[in-house]
Amino acid sequence: MARIIVVTSGKGGVGKTTTSAAISMGLALQGHRTAVVDFDIGLRNLDLIMGCERRVVYDFVNVINQEATLNQALIRDKRNENLHILPASQTRDKDALTKEGVERVLNELSETFDYIVCDSPAGIERGAHLAMYFADDAVVVTNPEVSSVRDSDRMLGLLASKSRRAELGQDPIKEYLLLTRYSPQRVKLGEMLSVEDVQEILALHLLGVIPESKAVLNASNSGTPVILDEKSDAGQAYMDVIRRYLGEHVPHRFIEQERKGLFGRLFGS
Amino acid sequence: MGLIDYFRSSRQPTAAIAKERLQILVAHERSERSKPDYLIALQKELLDVIRKYVHVDQDAITMTMEQDDSREVLELNIVLPDESERRPMHR
Ligand SMILES: Nc1ncnc2c1ncn2[C@@H]1O[C@H](COP(=O)(O)OP(=O)(O)OP(=O)(O)O)[C@@H](O)[C@H]1O
Ligand SMILES: [Mg+2]
């Protein structure tokens, strides 16, 4: 039985796909058989971020429509054999995903994988609903910014009421806060909501803080999940997230403004 | 960052404003969520009825639903305008 993790947010562009790529690769690096599924039908992008866009033959919707088998559609990651990617389709048909179809695919994935990471589209429409419906855990990706925090709270309401677990009266989905694009400098200047502020408002367990980082664009440019950039702040922050998720106690980093060395103080901005 | 910017930004800690606005908004939206679905429609219809007789604003009416083991209490609170501002729509 796999554990199903949804990466969700409500608001668009906050870092869900970046996070899905990073945590699925992170789980694979820790030796767990992991599948990452792109639920953003019509706006497939996970393949690009994972660097497997030229290897897409069949997609999620083909499998749902039984035009291809799951094994034909799954792309094995070239860097880590534990990791497989199920790309979204580029169809413009909004109804391509069905609850029964998604359930069937997730059940089949459950037979061979330890973790299934669902990259949710933005919004609260069908794709976002189905991405979270079957989840056991939810990583709520939030930027320290008013509309993102509000949408995250809205999403928390949906996770608590519109999921399979809620409808069957089972234990609720475990919700985790992942604060991304965090800038300690701007927090210090009083220009950006702090980790404490966001936690106070959302009252969620903090899985991690990912700093605003140049490494993220470099990683997406080259199709490499940023977690593989071990020297980068964002890569390290995502690795901490994985270890925390798997139960290790790892203190939070990248929350305080880094003190510059003498060189930085003399020549930095 | 220039000196002027520095003083300006330290005088207006916008993050604090953001936090306060969010706290109010999120508390409001959570209480809306916990209401049964029909309550919003009921609130709107009641408001329409009241407006046939008195001129009141959208926010002049508040409705709360409280629940304990044995009963549910629906509390309706309407703030009527001053005598001078009242303008009856019907007679
Ligand atoms: N920690 C970060 N530092 C800097 N840039 C980031 C960070 N995280 C994400 N970004 C950038 O933000 C943009 C949006 O990221 P991403 O595509 O992961 O968001 P998304 O939530 O999946 O968007 P959508 O809602 O459209 O699916 C990208 O350009 C990405 O490079
Ligand atoms: Mg995305």
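In the block above lies the structure referred to throughout.
Attention here is on the structure that accompanies the text.

Cut-offs applied
- Residues numbered from 1 in each chain as written.
- Chains lettered and ligands numbered in written order.
- Predicted model: local features only at pLDDT ≥ 70, side-chain atom pairs only at ≥ 80, totals over all residues.
- Heavy atoms only, no water.
- Helix = DSSP H or I, 4+ residues; strand = E, 2+ residues; numbered from the N terminus.
- Buried < 20%, exposed > 50% of the residue type's maximum accessible area, 1.4 Å probe, protein only.
- Contact = heavy atoms within 4.5 Å.
- Areas by Shrake-Rupley, 256 points an atom, 1.4 Å probe, with all protein chains shown as cover.
- Buried area = accessible area lost by both parts, 1.4 Å probe.
- Salt bridge = Lys/Arg side-chain N within 4 Å of Asp/Glu carboxyl O.
- Polar contact = N/O pair within 3.5 Å; in protein donor to acceptor, adjacent residues only side chain to side chain.
- Near = heavy atom within 4 Å.
- 1 Å grid on protein atoms, 1.4 Å probe; cavity = no way out; pocket = protein on both sides within 12 Å on 5 of 7 lines; lining within 4 Å.
- Sits in = over half its atoms within 2 Å of the grid points.
- Pairing = 2+ DSSP bridges.
- Points joined across faces, edges and corners; volume = space filled by probe spheres on them.
- Nonpolar A, V, L, I, M, F, W, Y, C, P; charged D, E, K, R; others polar.
- Axes fitted to C-alpha atoms, helices over the stretch in contact; angles between N-to-C directions.
- Parallel < 35°, antiparallel > 145°, perpendicular 65-115°, else oblique.
- Left-handed = near helix turned anticlockwise from the far one by under 90°.

Turning next to the overall build of chain B. Looking only at helices and strands, chain B has three helices and two strands in total. In chain B, the order of α-helices and β-strands from amino to carboxyl end is α-α-α-β-β. When the 91 residues of chain B are sorted by exposure, 20% land in the buried category. For chain B, the share of sequence-separated contacts (at least 6 apart) that also reach a separation of at least 24 residues comes to 37%. Here chain B has roughly 7500 Å² of accessible surface; of this, 53% comes from carbon and sulfur atoms.

All right, on to the interface of chain A and chain B then. The interface is formed by 15 residues belonging to chain A together with 14 residues belonging to chain B. Carbon and sulfur atoms supply 58% of the area buried between chain A and chain B, which totals about 1400 Å² over both sides. The shortest N-O distance in the salt bridge between A:D153 and B:R30 comes to 2.6 Å. The tally of links between chain A and chain B comes to nine residue pairs in polar contact (both at pLDDT 80 or more). For the side of chain A that touches chain B, the elements supplying multiple residues, two or more each, are helix 7 (146-161) and helix 10 (195-202) of chain A. Per element, the largest residue contribution to the side of chain A that touches chain B is six residues, and it comes from helix 7 of chain A.

Here we come to the site of ligand 1. All names here are of chain A. G13, K16, T17, T18 and S213 are the nearest of the 15 residues found near ligand 1. A distance of 3.0 Å separates a nitrogen atom of ligand 1 from a polar atom in the backbone of P211. Isolated, ligand 1 exposes 640 Å² of accessible area, and the fraction of that covered by the protein chains is 76%. When each cavity is represented as a set of grid points, ligand 1 is found to reside in the largest pocket. It is helix 1 (residues 16-29) that provides the largest number of residues to the shell around ligand 1, a total of three residues.

Tallying each qualifying case throughout the model produces 16 salt bridges over all chains. A salt bridge links A:R181 to A:E212; its shortest N-O distance comes to 2.9 Å. Separated by 31 residues along the polypeptide, A:R181 in strand 7 (residues 174-182) and A:E212 in the loop between strand 8 (205-211) and helix 11 (214-222) bring together distant segments of the chain. With a relative accessible area of 44%, A:R181 lands in the partly exposed category. Classification of A:E212 by relative accessible area gives partly exposed; the value is 40%. Among the ionic pairs, B:K19 bridges to A:E200, the shortest N-O distance being 2.9 Å.

This next bit is on the pairing of strand 7 of chain A. All names here are of chain A. Looking at chain direction, strand 6 (residues 137-142) and strand 7 are connected through six bridges and run parallel. Bridging across to strand 7, A138 finds its partner in E175. Alignment of strand 7 against strand 8, held across five bridges, turns out to be parallel. Its bridge partner lying in strand 8, L178 is registered against G208.

Residues and elements named next belong to chain A. With a phi close to 60°, Q66 is a non-glycine residue in the positive phi region. With respect to the element layout, Q66 can be found in the loop between helix 3 (60-64) and helix 4 (70-73). One non-glycine residue, F254, lies in positive phi territory at about 60°. Checked against the element boundaries, F254 lands in the loop between helix 12 (233-245) and helix 13 (262-267).

For the rest of this paragraph, the subject is the layout of surface pockets. All names here are of chain A. Here the largest pocket is characterised by a volume of approximately 860 Å³. Lining the largest pocket are 40 residues, with G13, K16, T17, D40 and S120 positioned closest to its centre. Those elements giving two or more residues to the lining of the largest pocket turn out to be helix 1, helix 6 (126-133), strand 7, strand 8 and helix 11. It is helix 1 that provides the largest number of residues to the lining of the largest pocket, a total of four residues. Here the lining of the largest pocket is composed, by residue class, of 15 nonpolar, 14 polar and eleven charged.

This next bit is on empty space enclosed by the protein. Residue and element names in this part refer to chain A. In total, this model carries two cavities of 30 Å³ or more according to the counting rule given. Its volume calculated, the largest cavity comes out at about 60 Å³. Around the largest cavity, the lining residues are T18, A21, I49, V216, A219, S220, T224, P225 and V226. Mapped onto the lining of the largest cavity, the elements with two or more residues apiece are helix 1 and helix 11. Estimates place the volume of the second largest cavity at around 50 Å³.

The next subject is the packing of helix 7 of chain A against helix 2 (residues 14-33) of chain B. Between helix 7 of chain A and helix 2 of chain B, the least distance of the axes is 10 Å, while the angle of their chain directions is 20°. When the interaxial angle is binned, helix 7 of chain A and helix 2 of chain B end up roughly parallel. Here the hand of the crossing between helix 7 of chain A and helix 2 of chain B comes out right-handed. Mapping the contact onto sequence places A:V146, A:V149, A:R150, A:D153, A:R154 and A:G157 in helix 7 of chain A and B:A18, B:L22, B:L25, B:V26, B:E29, B:R30 and B:R33 in helix 2 of chain B. Grouping the amino acids of the contact of helix 7 of chain A with helix 2 of chain B by side-chain chemistry returns six nonpolar, one polar and six charged.

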